[in-house]
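So the chains spell out like this:
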Amino acid sequence: MWCYIYRSSKKENCYLYMERENDFSHIPEKIMSIFGAPVFVMKVLLDGKRRFVVGTANEIEEKIKEDGFFLQMLNEDDFKV
């Protein structure tokens, strides 16, 4: 599955992963009000070859299929090696 990743214009280290480009119809209004204006980051193939900080490609894909989106909110601890 291809997915489109957007970063939040209001919350640092906050990203939305979605199956359709610029289709925010599945995102609850409350989340969008906190997220702010989405800024396109990249299009990614969820084929299991790319590593993600939070979740696996399969977990992200399942969440997108279930909810219509995957919300990633990182903490400073997520960047420690």
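Residues numbered from 1 in each chain as written. Predicted model: local features only at pLDDT ≥ 70, side-chain atom pairs only at ≥ 80, totals over all residues. Heavy atoms only, no water.

1. Focus on unusual backbone geometry
Then, number 1: One non-glycine residue, Asn13, adopts positive backbone phi at about 60°.
Then, number 2: Assignment of secondary structure puts Asn13 in the loop between strand 1 (2-7) and strand 2 (14-18).
Then, number 3: Of note in the backbone geometry, Asn22 takes a positive phi value of approximately 60° without being a glycine.
Then, number 4: When you line up the elements, Asn22 lands in the loop between strand 2 and helix 1 (29-35). (Helix = DSSP H or I, 4+ residues; strand = E, 2+ residues; numbered from the N terminus.)

2. Details of the nonpolar core
Then, number 1: Counting 10 residues, the largest nonpolar core consists of Cys3, Ile5, Tyr17, Val44, Leu46, Phe52, Ala57, Ile60, Ile64 and Phe70.
Then, number 2: By residue number, the principal contributor to this core is helix 2 (residues 57-67), which donates three residues.
Then, number 3: Beyond its immediate stretch of four places on either side in the chain, Leu46 contacts Met1, Cys3, Phe52, Ala57, Ile60, Glu61 and Ile64.
Then, number 4: Counting nine residues, the second-largest nonpolar core is a separate cluster that includes Tyr6, Met32, Phe35 and Phe69. (Core = buried A, V, L, I, M, F, W, Y, C linked by side-chain atoms within 4.5 Å. Buried < 20%, exposed > 50% of the residue type's maximum accessible area, 1.4 Å probe, protein only. Contact = heavy atoms within 4.5 Å.)

3. A short note on the pairing of strand 1
Then, number 1: Sheet topology note: the strand 1/strand 3 (residues 39-45) ladder contains six bridges and is antiparallel. When the bridges of strand 3 are listed, Trp2 appears paired with Leu45.
Then, number 2: Across four bridges, the pairing between strand 1 and strand 2 is antiparallel. Note on strand 2: the bridge partner recorded for Tyr4 is Met18.
Then, number 3: The antiparallel pairing of strand 1 with strand 2 creates a hairpin that spans six residues between the two strands, and Asn13 there sits at a positive phi of about 60°. (Pairing = 2+ DSSP bridges.)

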